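Observations on the three-dimensional arrangement
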Amino acid sequence: MEVLSRLFAPPNQSYYLFGPRGTGKSTWTQMYYENAARIDLLQPDVLRRYQGNPERIREFVHAQADEQTIIVDEVQRVPELLSAVHALIEEKRGWTFVLTGSSARKLKQTGVDLMAGRAVVRSLHPFMASELGRYFNLSTALTQGMLPIVWDAPCPTDVLKSYVGVYVREEIQAEGLVRNLGGFARFLEAISFSHGQVLNLSNVARECEVQRKTVEGFLAVLEDLLLCYLLPVFQKRAKRATVKHPKFYVFDTGVFQSLRPSGPLDRAEERAGPALEGLIGQHLRAWNAYSGGNNNLYYWRTQAGSEVDFVLYGPDTFFGIEVKHASRVDRNDLRGLKAFRDEYPEAQLLLLYRGDEMLRIDGMRCMPCQTFLEQLTPGKPLLAA
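Residues numbered from 1 in each chain as written. Predicted model: local features only at pLDDT ≥ 70, side-chain atom pairs only at ≥ 80, totals over all residues. Heavy atoms only, no water.

Quick look at the nonpolar core now. Ranked by internal contacts, the top residues of the largest apolar core, which has 83 residues, are Phe187 and Phe372. With residues near it in sequence (within four places) discarded, Phe372 still touches Ile280, Leu284, Leu350, Leu352, Met367, Leu382 and Leu383. Core analysis: the second largest hydrophobic core is formed by 25 residues, Leu41, Leu47, Tyr50 and Val85 among them. (Core = buried A, V, L, I, M, F, W, Y, C linked by side-chain atoms within 4.5 Å. Buried < 20%, exposed > 50% of the residue type's maximum accessible area, 1.4 Å probe, protein only. Contact = heavy atoms within 4.5 Å.)

This structure, assessed with the given rule, holds 23 aromatic pairs. Ring centres of Phe187 and Phe218 lie 5.3 Å apart, and the angle between their planes is 50 degrees; this geometry places the pair in the tilted category. Residue Phe187 is located in helix α10 (residues 181-192), and its partner Phe218 is located in helix α12 (residues 212-224); the two are separated by 31 residues in the primary sequence. There is no split in this pair, since Phe187 and Phe218 are both buried. An aromatic cluster is built from Phe234, Tyr298, Trp300, Tyr313, Phe318, Phe340 and Tyr344, whose rings are joined through pairwise contacts. The positively charged end of Arg285 is found above the aromatic ring belonging to Tyr229, 4.0 Å away from the centroid. (Phe/Tyr/Trp six-rings, centres within 6.5 Å; stacked < 30°, edge-to-face > 60°. Helix = DSSP H or I, 4+ residues; strand = E, 2+ residues; numbered from the N terminus. Lys NZ or Arg CZ within 6 Å of the ring centre and 35° of its normal.)

On to the side chain of Gln64, then. Among the structural elements, Gln64 can be located in the loop between α3 (56-62) and β3 (69-73). A distance of 3.0 Å separates a polar atom in the side chain of Gln64 from the backbone oxygen of Phe60. Non-local contacts of Gln64, meaning those with residues more than four positions away in its chain, are made with Ala37 and Trp95. (Polar contact = N/O pair within 3.5 Å; in protein donor to acceptor, adjacent residues only side chain to side chain.)

Turning to helix α11 (residues 201-208), its buried residues are Leu201, Val204, Ala205 and Cys208. On an axial view of α11, the arc spanned by its buried residues comes to 100 degrees, and they lie on one face. More than 90 degrees from the buried face of α11, the exposed residues found are Arg206 and Glu207. In the core, the buried residues of α11 are packed alongside α10 and α12. Phi turns positive one or two residues past the end of α11, at Glu209, with a value near 60 degrees. (Arc of directions from axis to C-beta.)

If you want it as C-alpha cells, here you go:
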C-alpha cells in the first residue's frame, strides 16, 4: 500500500507525541521531519548508551545546528532525559524536540520533570477512514481495526495475534509493570467482554480469579500503555438519575477482536455490535484530538435504562450519537436519543447504522456508518450542514 499522509498537525513548539505501538509515530516523524536528528531508544545499543549516561544528550544536541529538530523515540525508556531536554530548550537556540512515547506510566512513576509547559502533549491515533480514502472498507475495519502496522502487513491477522503478546513482552514484562503475568493474561481476556459496556471491576476480578485491587492495577497499566480508554457518564445539568460507572473500550477495534475469545456457541452479533461502537468511538477521539481537543467524549445512561452511546460536548459542539449494527432503522432504536432530547433539547442527535440511506425520523438524522466515517475530517464540523 502507498504511504498515506496523516491528518495530525504538529504544534509550532517542542511537544510529546504519545500513541500506542503501531499507530505510526516513528513513520510519521520520519516523513514529516526528513532532516531531523534522531535518538531511537528502541535500538538496544542506543538505549544502553543513554541509560548509562542521560546527560550524553547534551553533547548530541550541541553537535546539531541551531533551529534543528531533534526526535527522541520512546522517551519513556529513559525518563531522566527530560531534565536535560528542559535545560536545552531554555538555552533558546531554537531547537525543537519531538518526544514520542507509547506509555506515560514510567514518566509518572519516576516523577520526572515534564518540562512545565515547555512541551505540549499531542496524541497519534489509529488511521481514520478519511486518511485511508479509497482503501477504507468498513467490513475490513471491523475485523482488523485501523492500526497502520496492521493495514500495512501482508497478513493482518498474524500481526493482530502477536500485537498484545509484543506488549506483554516488551512493555509489561521488560519494565516489571506486572508481577503476575498469568493473572494479567486472564484479565486481558476477561475485560475484552467489557468492550463497549459499563465497567464492573468486581465481575472482571471474579472472571480472572484475582482480587479487585489487582484488577484495578491491571486496568491502570492498560490505560497508561494507551491500550484502552474509559468514557465517563455525561451528567451536566442532569435531571434524571444516571449511572456512575464509566464505559470501557479497547483503543482499536482490531485489537479488541484479537483479545475477545470466540467459540462455536458465540453469536456473531455479540462481537459485531461492540466492534462497530468501538470503531465509531476511536474515530471520534481521533477527530477531537486532531481538531484541537476542545471537546470531551462521554456516554449517557439513566438508572431507568435509557442510554446514548456517545455524547460529544464542547464550547461549540453538543451531540448525542447512537450506534446500531443493523441495516434498517426501527423506531425503537431511537428511544435513547428521544430520552436524551427530552433532557437536553439543545443537543444535535444522530443515529449511525449499517444501512445505505440518509434518513430523518422524528427530527433525528440517521446516517450510514460508512458515510459518517468517510466524511469525518479533523478541523471540519462533525456533520456537514
